[in-house]
Amino acid sequence: MLDFINLEHHLIAFLVGFTLDLIIGDPYWLPHPVRVIGKIISFYEKLLIGTKENPKKLSAKQKRTRGIIMVLLVLATVEFFVVLILYFSVIVSREFHPAIGIAVEAIMTFQLIATKCLAAESTKVYKELKKGNLIGARKAVSMIVGRDTENLSETEVTKAAVETVAENTSDGIIAPLLFLALGGPAFGFFYKSINTMDSMIGYKNERYLDFGKFAAKTDDAVNFIPARLSAWFMIFSCLFLGKAYSARNAKRIYLRDRLKHESPNSAHTEATCAGALGVQLAGPAVYEGKIEHKDFLGDPDRKIEFEDIKKANRLSYATAFTCVIFCSTIILAILFLLYNCKGGN
């Protein structure tokens, strides 16, 4: 059985890590573990299927098999180093002071959450639009979306930024928080490794269609529950954000449009955000020169405007706080039960 003092330390580290993310975000000068994970992925990719310039000649079946091996190798490598760091931090904590272990876990925790980073990057788009600099806004939004941005209108740039905030609230904030709360950095890095693999090799093109299939399916699996919880956290958060947000409409649009996407998870928070703001998101978009037809999410109750980027960010922050309160309450409840069990014995 978990020792309630260790669980108490975990809660402190979880809350400190979240607070650090709100204050520090993702400073460019600080080495980020996701970049390390990306290098590990690139190393195994080249080893298993060759480089893009000199790919190995493999059948579709061989690529799928190697894709499974890829996921297992990346997870094993990342988890080995994470568990090693945590193991030594526990030893050092026992020898000197528990605060050392808490600090290590808190630092690892804050590096896996993107609350401030998501807001900061989308705010760059907002600032350029506010200045009337459409070219600058296109460049800023190109840093956070995968679609072609050279010919986007002001409305399309705004919509792209709002969609990114909505979607990444789930896989960039809520999902990591849930995994971190459930199992600390070991679970958090497990999730982040899968999510990073999906973002790097989960494409349906000639190189990755078969090789990245298992990574993409694994990402769908680990995000299945977080995506749905994220939507309900977002709906609940609307109740505390004022008249600019409608919890009722967020719930209505979510239940209606949550499955209007090829991915089983992507439309959940996008649909909820569209309903909360009373705008229409998604629809056709251009990727690598080709139009990809997507269903619209939400109703065009009004035309989307660049101020909606700020509104989406406020909703994202509120959703994150709702999730942290939810997770902390559960951990406190477990602590209470463990404390009573120990007291009863």
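The rules behind the values
Residues numbered from 1 in each chain as written. Predicted model: local features only at pLDDT ≥ 70, side-chain atom pairs only at ≥ 80, totals over all residues. Heavy atoms only, no water. Helix = DSSP H or I, 4+ residues; strand = E, 2+ residues; numbered from the N terminus. Rg over C-alpha atoms; globule rule 2.2 N^0.38 Å. Buried < 20%, exposed > 50% of the residue type's maximum accessible area, 1.4 Å probe, protein only. Contact = heavy atoms within 4.5 Å. Areas by Shrake-Rupley, 256 points an atom, 1.4 Å probe, with all protein chains shown as cover. Lys, Arg positive; Asp, Glu negative; His and termini not counted. Charge placed at Lys NZ, Arg CZ, Asp CG, Glu CD. Salt bridge = Lys/Arg side-chain N within 4 Å of Asp/Glu carboxyl O. Polar contact = N/O pair within 3.5 Å; in protein donor to acceptor, adjacent residues only side chain to side chain. Patch = residues over 30% accessible without salt bridge, like charges linked within 9 Å, V, L, I, M, F, W, Y side chains within 5 Å. Phe/Tyr/Trp six-rings, centres within 6.5 Å; stacked < 30°, edge-to-face > 60°. Lys NZ or Arg CZ within 6 Å of the ring centre and 35° of its normal. Axes fitted to C-alpha atoms, helices over the stretch in contact; angles between N-to-C directions. Parallel < 35°, antiparallel > 145°, perpendicular 65-115°, else oblique. Nonpolar A, V, L, I, M, F, W, Y, C, P; charged D, E, K, R; others polar. 1 Å grid on protein atoms, 1.4 Å probe; cavity = no way out; pocket = protein on both sides within 12 Å on 5 of 7 lines; lining within 4 Å. Points joined across faces, edges and corners; volume = space filled by probe spheres on them.

*Asks:* What should I look at first to understand the overall build of the protein in this one?
*Replies:* A tally of helices and strands in the protein yields 11 helices and four strands. Taking 345 residues into account, the globule formula puts the C-alpha radius of gyration at 20 Å, and the protein, at 21 Å, falls close to it. Oriented by its inertia axes, the alpha-carbon framework of the protein measures out at about 65 × 60 × 35 Å. Counting only residues that meet the buried cut, the protein has 48% of its 345 residues in that class. A separation of at least 24 residues holds for 71% of the contacts in the protein among residues at least 6 apart in sequence. If you sum the accessible surface of the protein, you get close to 17800 Å²; carbon and sulfur atoms cover 64% of it. Of the side chains in the protein, 41 bear a positive and 34 a negative charge, and the two mean positions are spaced by 1 Å.

*Asks:* I'm lost on the side chain of Lys311 in this one. Help?
*Replies:* Relative to the helices and strands, Lys311 is located in helix H11 (residues 307–344). Non-local contacts of Lys311, meaning those with residues more than four positions away in its chain, are made with Ala244, Tyr245, Leu277 and Arg302.

*Asks:* I'm lost on the side chain of Glu79 in this one. Help?
*Replies:* Mapped onto the elements of the fold, Glu79 is located in helix H3 (residues 60–95). Of the side chains with opposite charge, Lys192 lies nearest to the buried Glu79, which makes no salt bridge, at 13 Å. Reaching out from Glu79, the side chain makes a polar contact with the backbone nitrogen of Phe190 at a distance of 3.2 Å. Contact partners of Glu79, with chain neighbours within four places excluded, come to Ala186, Phe189 and Phe190.

*Asks:* Where do I start with a nonpolar patch on the surface in this structure?
*Replies:* There is a patch of nonpolar side chains on the surface, built from Phe80, Phe81, Leu84, Tyr87, Phe88 and Ile91 and spanning about 600 Å² of accessible area. The residue Tyr87 is located in helix H3 in this model.

*Asks:* Explain the packing of aromatic side chains to me, please; I cannot follow it from the model alone.
*Replies:* Geometrically, a pair of aromatic rings is defined through the distance of the ring centres and the angle of the planes. Per the counting criterion, the structure on display carries 10 aromatic pairs. Plain terms: the ring middles of Tyr203 and Tyr208 are 6.4 Å apart, the flat faces sit at 45° to each other, and that makes the pair tilted. Since its relative accessible area comes to 44%, Tyr203 is described here as partly exposed. Lying over the aromatic face of Phe224, Arg228 brings its terminal NZ or CZ to 3.6 Å of the ring centre. We note Arg258 situated over the ring of Tyr254; from NZ or CZ to the ring centre the distance is 5.8 Å.

*Asks:* How should the pattern of salt bridges be read in this particular structure?
*Replies:* Two side chains bearing opposite charge may form a pair once their charged atoms approach each other closely. Applying the stated criterion across every chain, the model contains 12 salt bridges. With a shortest N-O distance of 2.6 Å, Arg147 and Glu163 are connected by a salt bridge. Of this pair, Arg147 sits in the loop between helix H6 (134–142) and helix H7 (154–201) while Glu163 sits in helix H7, placing them 16 residues apart in sequence. The exposure class assigned to Arg147 is buried, which follows from its relative accessible area of 15%. On the basis of relative accessibility, which here comes to 5%, the residue Glu163 falls in the buried class. Overlapping salt bridges, with partners in common, bring together Arg252, Arg256, Asp257, Lys260 and Asp299 in one network.

*Asks:* I would appreciate a short explanation of the packing of helix H5 (residues 115–130) against H7 in the present structure.
*Replies:* Two quantities define a packed helix pair, namely the angle between the helix axes and the distance between the axes. Their axes nearest at 10 Å, the elements H5 and H7 cross at an angle of 175°. When the axis of H5 is compared with that of H7, the two are roughly antiparallel. Together, Thr115, Leu118, Ser122, Val125 and Leu129 of H5 and Glu154, Val157, Thr158, Ala161, Thr164, Val165, Asn168, Thr169 and Ile173 of H7 make up the contact between the two elements. Here the contact of H5 with H7 is composed, by residue class, of seven nonpolar, six polar and one charged.

*Asks:* What is the right way to look at the layout of surface pockets in this model?
*Replies:* Remark: the empty space left among the atoms is shown by a probe the size of a water molecule rolled over them. Considering only enclosed or pocket space, the second largest pocket measures out at about 1000 Å³ in volume. Lining the second largest pocket are 34 residues, with Leu7, His10, Glu105, Gly183 and Gly184 sitting closest to its centre. Secondary-structure elements contributing two or more residues to the lining of the second largest pocket are helix H1 (4–24), H3, helix H4 (98–110), H7, helix H8 (213–237) and H11. Per-element accounting of the lining of the second largest pocket gives the leading share, eight residues, to H7. Looking at side-chain class alone, the lining of the second largest pocket contains 23 nonpolar, eight polar and three charged residues.

*Asks:* Quick question: what am I supposed to make of unusual backbone geometry here?
*Replies:* Phi is mostly negative for residues that are not glycine, and the peptide bonds are mostly trans. One non-glycine residue, Ala282, lies in the positive phi region at around 65°. Along the chain, Ala282 falls in strand E1 (residues 281–282).

*Asks:* What is the right way to read the environment of Val125 from this model?
*Replies:* Structurally, the position occupied by Val125 is in helix H5. Exposure remark for Val125: the relative accessible area of 0% places this residue in the buried category. Expressed as a C-alpha distance, the spacing of Val125 and Lys139, which sit 14 residues apart in the sequence, is 8.3 Å. Sequence-distant contacts of Val125, that is, excluding residues within four places in its chain, are made with Ala137, Ala140, Val141, Ile144, Val157, Ala161 and Ile309.

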